[in-house]
Amino acid sequence: MERLRQRWGYKKDNGMTTEIAFADIRSLRGLIRADRITPGELVSVFAERIAAHNAVSRAFITQTPQEAARSAAALTKEDILRSPVAGIPYASKDLFDVEGVRTTAGSRVFHDRIATEDAFVIARLRSAGALSMGKTNLHEFAYGATGENEVYGTCVNAYDPTRLAGGSSSGSAAAVAFGLVPAALGTDTGGSVRAPAALNGLVGLKPTIGCVPTHGVVPYCWTLDHVGILTRTVADCADILGLVARYDSRDPASVKLPKEDYSESLGEDISGVRIGIPSNFFFERSDPQILSALERVKDHLAEKGARLVPVTFPDMRHTRTVSLTVQMPEALSAHSAHLENRGELYSKEFRAGLALGQCLLAEHYVKAKRFIETYRQQTNALFEDVDVILTPATPEIAQKVGTVKTTRDGVDEAVGNAITRFTTFFNMTGHPALTMPCGLHPEGLPIGLQLVGRYFDEKSLFRVAHEIEKCGKFSIPLPEVDT
Amino acid sequence: MKPLTRSTLEGICSQMASHDWSQAELDELVDPRLGIITGFQDLLDELETLRKIDLGTTAPALGVQKR
């Protein structure tokens, strides 16, 4: 650390580490390649920050800085040059298996479960030289969008620690937002990457279903589960997707596709891009400040030559019922053996959900999956006329810890349902969706937007998202976590 | 459709293959008091509405392909 202080010329630790801690991956990569910092020093900086901030943020369940330091020491100059993430620390939601490390899934049930091999995406990042700093907190088994966890604590929002980080990938969002790692992996079954990313001022991506293999990730609902990515910038997100988007025969949903360079589209002109603006559901019953921010984004995109095209989504009234009807029987099936052996270790909340799954009929489940197919066909039809669809990421900003329900326009809604109201649908259809910040609410909390694309057309999302990011009009200040 | 009763759920759990659910967990499904599950009856009512919607020959959703 002394070498770092001398090299960076800072008098105080805080100044030096803050600049590094909130840098994006591409900037850190530049520093490493310019020999201004080593991967081992980066690990030290982030390890110190995790030690300093984890008690408040509750981001990490398991910290592995020693393993990260060993991996950093083994990296060669060639390794550093061959990969966009070599020497870069990251974290993964505690559903991803990391060989030799405990995978708790945020539950007492898995308190002693040590992974014997890496999940597919962890193996990809390991071979690319990325450094795993540990496993992040979550809503137990990803069942819930608030991130509240009675065993490992509830992650708070970096912009206001009295507010929720959101979930279920709460720890992954908090870890990046508090400057404890520059990127993290999460899972998204109804918005569990995109919503917490939006609530914490980050970029969150749920790729097309089948794009990133889920092998080695504790399942919640096979039909809806997606691996997702949380980063500070759109370019970082594109770089990581380029590493983890591959075919894996162990994942039945995995799709064989040619290797893509997702960063290709960054910086491309958006003139002529057709952007769908939903005329129903997505701009309804929302915080007016969020809607105003989205209006400013629409104006900017139009100024840049994009064409705004109204689109109408199918009847959305039953979408949450359809999603729940698929989720709970699949979760019950996934947990069947553990319920028999360790049933008493589950939280009351999750057991209640599993009991519900027990009492639904097979016909209900199949009908729900047939509805999902109609949603897919109807959404695909919208993409005949547009290239990308723009919506708010969430209808509300981050809520206070302990909030049970929100009320908007006289309608009460469970806070978890409100957080994921605009994201859940695209887990059913499987379309790629990205959330990113687009303004700061007068209450000092991030506002997010969501971009949705055609199957396997993540490049169009990155193209539009990068335009919104690079123009600077929608940038938000960093959270003041070090004061 | 008549409202769900605990005896129905007890019958399912004792007469069909099922995990062991406590009386409190079954109570919560038919008469939510703890706020853990809300609206199971509403969910069943909505599922009954969906069941009656004819989706023709639409198959259940499987994998997706590039379009």
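Before reading on, note that the structure itself is shown above.
Please read these numbers as outputs of a predicted model, since none were measured by experiment.

## Concerning the overall build of chain B
Reasoning step 1: Along its length, chain B carries 3 helices and 0 strands.
Reasoning step 2: Reading chain B from its N terminus to its C terminus gives the helix and strand order α-α-α.
Reasoning step 3: For 67 residues, the compact-globule formula gives about 11 Å, and the C-alpha radius of gyration of chain B, at 17 Å, lies well above that figure.
Reasoning step 4: C-alpha extents for chain B along the principal axes are approximately 50 × 25 × 25 Å.
Reasoning step 5: Within the span of chain B, comprising 67 residues, buried residues form 15% of the whole.

## Side note on the overall build of chain A
Reasoning step 1: If you tally the helices and strands in chain A, you get 17 helices and 15 strands.
Reasoning step 2: Across its three principal axes, chain A shows a C-alpha extent of roughly 65 × 60 × 45 Å.
Reasoning step 3: Burial status across chain A gives 59% buried among its 483 residues.
Reasoning step 4: In chain A, the share of contacts with a sequence separation of at least 24, taken over all contacts with a separation of at least 6, comes to 77%.

## Here we look at the interface of chain A and chain B
Reasoning step 1: Taken residue by residue, the interface counts 37 residues in chain A and 27 residues in chain B.
Reasoning step 2: Contributions of two or more residues to the side of chain A that touches chain B are made by α12 (319–342), α13 (348–359) and α14 (362–382) of chain A.
Reasoning step 3: No other element matches α14 of chain A, which puts 12 residues into the side of chain A that touches chain B.
Reasoning step 4: Tallied by class, residues from the side of chain A that touches chain B come to 15 nonpolar, 12 polar and 10 charged.

## Description of helix α10 (residues 234–244) of chain A
Reasoning step 1: The element α10 of chain A is extensively covered by neighbouring structure, given that 9 of its 11 residues are classed as buried.
Reasoning step 2: When we look at burial in α10 of chain A, the residues that qualify are Val 234, Ala 235, Asp 236, Cys 237, Ala 238, Asp 239, Ile 240, Leu 241 and Val 244 of chain A.

## Here we look at the pairing of strand β14 (residues 433–440) of chain A
Residues and elements named next belong to chain A.
Reasoning step 1: Across the 8 residues that make up β14, a large majority, 7, are buried.
Reasoning step 2: In this structure, strand β7 (residues 203–206) lies alongside β14, joined through 3 bridges in antiparallel fashion. Bridge pairing in β14 links Lys 206 to Ala 433.
Reasoning step 3: Pairing geometry for β14 and strand β15 (residues 446–453), over 7 bridges, is antiparallel. Bridge pairing in β15 places Leu 440 opposite Pro 446.
Reasoning step 4: From the end of β14 to the start of β15, which pair antiparallel, there are 5 residues, and Gly 444 there has a positive phi angle of about 85°.

## A few points about unusual backbone geometry
All names here are of chain A.
Reasoning step 1: For the bond from Gly 167 to Ser 168, the omega torsion is 10°, close enough to zero to count as cis.
Reasoning step 2: Turning to its location among the elements, Ser 168 is positioned in the loop between β5 (160–164) and α8 (170–177).
Reasoning step 3: At Asp 35, a position not held by glycine, the phi torsion is positive, near 60°.
Reasoning step 4: Positionally, Asp 35 belongs in the loop between α3 (25–33) and α4 (39–57).

## A few points about the packing of helix α1 (residues 6–15) of chain B against helix α2 (residues 23–30) of chain B
Residues and elements named next belong to chain B.
Reasoning step 1: Remark: α1 packs on α2, axes separated minimally by 9 Å, with the N-to-C direction vectors making an angle of 130°. Considering their axes alone, α1 and α2 lie oblique with respect to each other. As α1 runs across α2, the sense of the crossing is right-handed. Listed contacts from α2 to Arg 6, Leu 9 and Glu 10 of α1 are Leu 26, Asp 27, Leu 29 and Val 30.

## Some words on the pairing of strand β2 (residues 89–93) of chain A
Residue and element names in this part refer to chain A.
Reasoning step 1: Of all the 5 residues making up β2, 5 are buried; the element is thus mostly covered by neighbouring parts of the structure.
Reasoning step 2: Relative to strand β3 (residues 131–136), β2 runs parallel, the two sharing 4 bridges. Each residue of the ladder has a partner; that of Ser 92, found in β3, is Lys 135.
Reasoning step 3: Handedness of the β-α-β unit built from β2, helix α7 (residues 120–127) and β3 comes out right-handed.

## With respect to the sheet that holds β7 of chain A
All names here are of chain A.
Reasoning step 1: The strand order across the open sheet built from 11 strands is β1-β3-β2-β6-β8-β7-β14-β15-β11-β9-β10, with neighbouring strands paired in mixed fashion. Of all the strands in the sheet, the pair left with one neighbour each is β1 (60–63) and β10 (307–311). For this sheet, the mean inter-axis angle between neighbouring strands, taken without regard to orientation, is 30°.
Reasoning step 2: Packing of α10 onto the sheet brings it into contact with β6 (183–188), β7, β8 (226–231) and β14, and relative to β8 it is tilted by some 140°.

## A closer look at the environment of Gly 416 of chain A
Residue and element names in this part refer to chain A.
Reasoning step 1: Tracing the chain through its elements places Gly 416 in helix α15 (residues 415–419).
Reasoning step 2: You can call Gly 416 buried: it has 27 C-beta atoms within 10 Å.
Reasoning step 3: Distance in space between the C-alpha atoms of Gly 416 and Ala 145 is 4.8 Å, their sequence separation being 271 residues.
Reasoning step 4: Among all residues touching Gly 416, those that are not within four sequence positions of it are Gly 144, Ala 145 and Thr 146.

## A few points about the nonpolar core
All names here are of chain A.
Reasoning step 1: Residues Phe 46, Tyr 90, Val 121, Ala 174, Ala 175, Val 181 and Leu 451 are the most contacted members of the largest nonpolar core, which totals 157 residues.
Reasoning step 2: If you tally residues by element for this core, the top one is α10, at 7 residues.
Reasoning step 3: When neighbours within four sequence positions are excluded, Val 121 is seen to be in contact with Phe 96, Leu 185, Val 212, Val 227 and Val 244.

## Section: α8 of chain A
Residue and element names in this part refer to chain A.
Reasoning step 1: Of all 8 residues that make up α8, 8 are buried, and the element is covered over most of its length.
Reasoning step 2: When we look at burial in α8, the residues that qualify are Ser 170, Gly 171, Ser 172, Ala 173, Ala 174, Ala 175, Val 176 and Ala 177.
Reasoning step 3: Where α8 ends, the next residue or the one after it, Gly 179, has phi of about 75°, a positive value.

## What about the packing of α14 of chain A against helix α3 (residues 40–51) of chain B?
Reasoning step 1: Where α14 of chain A contacts α3 of chain B, the axes come no closer than 10 Å and their chain directions differ by 65°. Between α14 of chain A and α3 of chain B lies a crossing of left-handed hand. Contact residues: α14 of chain A offers Glu 363, His 364, Lys 367 and Phe 371 of chain A, while α3 of chain B offers Leu 47, Leu 50 and Arg 51 of chain B.
Reasoning step 2: When the residues that make up the contact of α14 of chain A with α3 of chain B are grouped by side-chain class, the tally is 3 nonpolar, 1 polar and 3 charged.

Parameters at a glance
- Residues numbered from 1 in each chain as written.
- Chains lettered and ligands numbered in written order.
- Predicted model: local features only at pLDDT ≥ 70, side-chain atom pairs only at ≥ 80, totals over all residues.
- Helix = DSSP H or I, 4+ residues; strand = E, 2+ residues; numbered from the N terminus.
- Rg over C-alpha atoms; globule rule 2.2 N^0.38 Å.
- Buried ≥ 20, exposed ≤ 12 C-beta atoms within 10 Å, placed from the backbone.
- Contact = placed C-beta atoms within 7 Å.
- Nonpolar A, V, L, I, M, F, W, Y, C, P; charged D, E, K, R; others polar.
- Pairing = 2+ DSSP bridges.
- Axes fitted to C-alpha atoms, helices over the stretch in contact; angles between N-to-C directions.
- Parallel < 35°, antiparallel > 145°, perpendicular 65-115°, else oblique.
- Left-handed = near helix turned anticlockwise from the far one by under 90°.
- Right-handed = clockwise from strand over helix to strand, strands pointing away.
- Core = buried A, V, L, I, M, F, W, Y, C linked by C-beta atoms within 7 Å.

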